[in-house]
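Fold and geometry: a report
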Amino acid sequence: MKNQTESNRNIPNILVVDDVPANLKLLDDILKSEGYKTRPVLSGELALRAAEKEKPDLVLLDIMMPDIDGFEVCRRLKENPDLKDIPVIFISAIGETANVVTAFNYGGVDYINKPFQAEEVIARVKTHLKLRFQSQELLELNERLKQQTKELEELNATKDKFFTIIAHDLKSPFNSIMGFSEMLVEQVRDKTYDGIEQYANIILDSSQRALDLLMNLMDWARSQTGKMEFIPEYFELVNFIKDITSLFEDIAGQKSIIIKKDLPLNAPVFADHAMISTVIRNLISNAIKFTKPGGEITISAIEKPDQLIIMVKDSGIGISNDRIEKLFRLDETYSTPGTKDEKGTGLGLILCKEFIEKHGGKIWVESTPGEGSIFIFTIPNV
Ligand code: ADP
């Protein structure tokens, strides 16, 4: 259905309905002489069809008509969510109060008695058109306000999340780095070396966590402030994935987790290097974090004619369905510690979603608690 109001607001479009051709012509002439665009129709049925085809700005509606009368036409218009806001002015020779009241009860905005004066018709039509446009403007303004409120709420949630992360999550790995470094220093000073390898490993883990977190935080801050530009370019994804994976060999090795790759020989993509790197980094890091020692991770890619599908599968603890719904969402802070109590922020997957959607792709997870998860994302071909 075309919306005349949007397409041509300057010339209002009036649907005129009367079963008597002479009356119809008279009304039509009056309105045309005022410069309105009119659509004259001879029955209620035709009126409904015309309104559905192209929404009028106002309906001038005769009451007494043979098939469906004006009241019924008005009732059906008001029943239709797309048409119910059109002002209907009834026009009738039956000027009894009861009839006028019925007309208003059916949702009419005005009532003109026949015979009428052209000036009266014009004055009433003008007034109701003006009211209609004003109420439309108010509605639009209201919509804009709603949108702005939503954006402000999101911004606020973003800000809250940011401060929570800085206040809690970044503090914890640094506390552990400082605590264990102090113990290391003391033990080395006292020349007692028991357990220092374990301390060093904890420091390494915590540093890795702090670094992951910082990188996510910086990416995220840049994306939120609009400073992270989306700069896609052609590159080869398979070697890129291999390079990123190699950065995690050590940390996976510490948990005796094997990282397998099931990748094609090469896979050219048109994508943003930095964003795709963040996504893969986060998915592999999570897979390691939520897999028990001795587990297995497989990174695979499938080329389809229209997109590339990348999957990071783990044999980890899995995620229950009700929790899956909370992932990827800024309004639902969701984070659980890893299998070695690694802390997180719930920021990684939000970033992944944002970056993949910038590419026009999708990201989702399939998981069975106790068996493992598979995070899947797509990069469409351009
Ligand atoms: P973080 O890992 O910092 O908590 P993410 O956004 O990366 O933040 O992940 C949010 C949550 O999703 C995690 O805390 C965890 O509960 C769940 N999750 C993510 N990846 C996995 C996975 N591979 N296996 C099980 N749970 C996962």
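Scroll up a little and you will see the structure.
We now turn to the structure provided with this report. (Residues numbered from 1 in each chain as written. Predicted model: local features only at pLDDT ≥ 70, side-chain atom pairs only at ≥ 80, totals over all residues. Heavy atoms only, no water.)

1. Overview of the overall build of the protein
Along its length, the protein carries 13 helices and 14 strands. A globule of 382 residues ought to have a C-alpha radius of gyration of about 21 Å, yet the protein, at 34 Å, is considerably larger. Across its three principal directions, the C-alpha atoms of the protein cover 110 × 45 × 35 Å. Out of the 382 residues belonging to the protein, those deemed buried represent 44%. Total accessible area on the protein stands at roughly 20500 Å², and carbon and sulfur atoms take up 55% of it. (Helix = DSSP H or I, 4+ residues; strand = E, 2+ residues; numbered from the N terminus. Rg over C-alpha atoms; globule rule 2.2 N^0.38 Å. Buried < 20%, exposed > 50% of the residue type's maximum accessible area, 1.4 Å probe, protein only. Areas by Shrake-Rupley, 256 points an atom, 1.4 Å probe, with all protein chains shown as cover.)

2. A word on the layout of surface pockets
Here the largest pocket is characterised by a volume of approximately 840 Å³. Forming the walls of the largest pocket are 47 residues, and the residues nearest its centre are Asn 286, Lys 289, Phe 290, Thr 336 and Gly 344. The element best represented in the lining of the largest pocket is helix 11 (residues 273-289), accounting for seven residues. Its residues assigned to classes, the lining of the largest pocket comprises 16 nonpolar, 16 polar and 15 charged. Each of domain 2 (170-228) and domain 3 (229-382) accounts for three or more of the residues forming the lining of the largest pocket. Computed from the structure, the second largest pocket encloses a volume of approximately 230 Å³. Forming the walls of the second largest pocket are 13 residues, and the residues nearest its centre are Glu 154, Gln 224, Leu 330, Ile 350 and Glu 354. (1 Å grid on protein atoms, 1.4 Å probe; cavity = no way out; pocket = protein on both sides within 12 Å on 5 of 7 lines; lining within 4 Å. Points joined across faces, edges and corners; volume = space filled by probe spheres on them. Nonpolar A, V, L, I, M, F, W, Y, C, P; charged D, E, K, R; others polar. Domains from an automatic or database assignment.)

3. Focus: the packing of helix 11 against helix 13 (residues 348-358)
The interhelical angle for the contact between helix 11 and helix 13, taken along N-to-C directions, is 145 degrees, at an axis separation of 9 Å. In this structure, helix 11 meets helix 13 at a crossing whose hand is left-handed. Judged by residue contacts, Met 275, Ile 276, Thr 278, Val 279, Asn 282, Leu 283 and Asn 286 of helix 11 engage Gly 348, Leu 349, Leu 351, Cys 352, Phe 355, Ile 356 and Lys 358 from helix 13. Taken together, the residues of the contact of helix 11 with helix 13 break down into nine nonpolar, four polar and one charged. (Axes fitted to C-alpha atoms, helices over the stretch in contact; angles between N-to-C directions. Left-handed = near helix turned anticlockwise from the far one by under 90°. Contact = heavy atoms within 4.5 Å.)

4. With respect to the side chain of Ser 92
Relative to the elements of secondary structure, Ser 92 occurs in strand 6 (residues 88-92). Side-chain polar atoms of Ser 92 contact the backbone nitrogen of Ile 94, separated by 3.0 Å. Not counting residues up to four positions away in its chain, the partners in contact with Ser 92 are Ile 63, Asn 99, Tyr 111, Ile 112, Asn 113 and Lys 114. (Polar contact = N/O pair within 3.5 Å; in protein donor to acceptor, adjacent residues only side chain to side chain.)

5. Structural notes on the pattern of salt bridges
According to the stated counting rule, one finds 17 salt bridges in the structure shown. One salt bridge connects Glu 72 with Arg 75, and the closest N-O pair in it is separated by 2.9 Å. Here Glu 72 and its partner Arg 75 are both found in helix 4 (residues 70-79), three residues apart, which amounts to about one turn of the helix. For the salt bridge of Arg 124 with Asp 110, the shortest nitrogen-to-oxygen distance reads 2.9 Å. In this pair, Arg 124 is assigned in helix 6 (residues 118-169) and Asp 110 in strand 7 (residues 110-113), connecting sequence segments 14 residues apart. Since its relative accessible area comes to 11%, Asp 110 is described here as buried. Within this structure, Glu 72, Arg 75, Arg 76 and Glu 79 form a network of salt bridges that share partners. (Salt bridge = Lys/Arg side-chain N within 4 Å of Asp/Glu carboxyl O.)

6. Looking at the site of the ligand
Looking at the ligand, there are 19 residues lining it, with Asn 286, Ser 335, Thr 336, Thr 345 and Leu 349 nearest. A distance of 2.7 Å separates an oxygen atom of the ligand from a polar atom in the side chain of Asn 286. One nitrogen or oxygen atom from the side chain of Asp 314 is found 2.8 Å from a nitrogen atom belonging to the ligand. In the complex, 96% of the free accessible area of the ligand, which totals 530 Å², lies under the protein chains. For the ligand, the cavity whose grid points lie within 2 Å of the majority of its atoms is the largest pocket. With three residues, the top contributor of residues to the shell around the ligand is helix 11. (Near = heavy atom within 4 Å. Sits in = over half its atoms within 2 Å of the grid points.)

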